[in-house]
Amino acid sequence: PSSKERKEYVFMITKCKTILGRGVSILASAVLLLGMIQGGKVMADPSAGLSKNGSAEVGKTISVNVSVSGDGPYGGFDGSVDYDSSYLELQSISAGNYGAANFGKSGSHFLDYNCNIPSGSTIGVIEFKCLQEGSTTVSVSLNVSSLDGLADYGTGTSANIDISAPVVLSGNCS
């Protein structure tokens, strides 16, 4: 090639690099902007909730439902329940309404993994027998995993339980 052709060739390559560079810059800027827009969503950590069912009377059984809410769905959990054994006796722990996959329990610990837990689901039902009159607290600690398993979140909650004396039913008086 002649000197003039080489100059034109170098000029065209330089022009292509400049155009390509600008195109890459524009593309990178667009990706960054979209990432910032998408990244603007604030994900809320899960929070635990407790609700009591049943009459808390000495000798009766109550159920405490454990729920999880936030920006689910979640992929699993590992939980434990703490209570005063002079007021309550643990009867059972069972899976909630989320479609358990690998639910397991041992004493006051319960877990599930490789599952799909929608936000707001009851993840466990804990049954206690009420042993004596008075006020006590039930606490639950949870480690909740994201659906992809890449993040774990710690949460917990507690609820007061007021246990009353058993209601004595009288017979029909004449």
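These figures come from a predicted structure and were not determined experimentally.

Basis of the calculations
Residues numbered from 1 in each chain as written. Predicted model: local features only at pLDDT ≥ 70, side-chain atom pairs only at ≥ 80, totals over all residues. Heavy atoms only, no water. Pairing = 2+ DSSP bridges. Helix = DSSP H or I, 4+ residues; strand = E, 2+ residues; numbered from the N terminus. Axes fitted to C-alpha atoms, helices over the stretch in contact; angles between N-to-C directions. Contact = heavy atoms within 4.5 Å. Phe/Tyr/Trp six-rings, centres within 6.5 Å; stacked < 30°, edge-to-face > 60°. Buried < 20%, exposed > 50% of the residue type's maximum accessible area, 1.4 Å probe, protein only.

J.: Would you explain the sheet that holds strand β3 (residues 74–82) in this entry?
T.: Working definition: the strands of a sheet are paired by backbone hydrogen bonds and lie parallel or antiparallel to each other. Judged by pairing direction, the sheet is antiparallel, and its five strands sit side by side in the order β5-β6-β3-β8-β9 without closing on themselves. Each of the sheet's edge strands pairs with one partner strand only, and the pair in question is β5 (104–106) and β9 (152–163). The sheet shows a mean angle of 15° between the axes of neighbouring strands, taken without regard to direction. Relative to strand β6 (residues 109–117), β3 runs antiparallel, the two sharing six bridges. From the neighbouring strand, Gly-76 faces β6, where its bridge partner is Tyr-113.

J.: Explain the side chain of Asn-65 to me, please; I cannot follow it from the model alone.
T.: Mapped onto the elements of the fold, Asn-65 is located in strand β2 (residues 61–69). If we ignore the near neighbours within four places in the chain, the residues touching Asn-65 are Gly-49, Leu-50, Ser-51, Asn-53, Thr-122, Gly-124 and Val-125.

J.: Sorry if this is basic, but what is going on with the sheet that holds strand β4 (residues 88–95) here?
T.: With antiparallel pairing, the four strands of this open sheet are ordered in space as β1-β2-β7-β4. Whereas interior strands pair on both sides, the edge strands pair on one side only; in this sheet they are β1 (47–53) and β4. Across this sheet, the average inter-strand angle for adjacent strands is 25°, counted without regard to direction.

J.: For this particular structure, what's the right way to read the packing of aromatic side chains?
T.: For any pair of aromatic rings, the description consists of the separation of the ring centres together with the inter-plane angle of the planes. Counting across every chain of the model gives three aromatic pairs. Connected via pairs of aromatic rings, a cluster forms that spans Phe-77, Tyr-98 and Phe-110.

J.: Help me understand the environment of Gly-75 in this model?
T.: Note that Gly-75 resides in strand β3. Here Gly-75 falls in the buried class, since its relative accessible area comes to 11%. In this structure the C-alpha to C-alpha distance between Gly-75 and Pro-118, which are 43 residues apart in sequence, comes to 9.1 Å. What Gly-75 contacts, discounting residues up to four positions off in sequence, is Tyr-113, Asn-114, Cys-115, Ser-145, Ser-146 and Leu-147.

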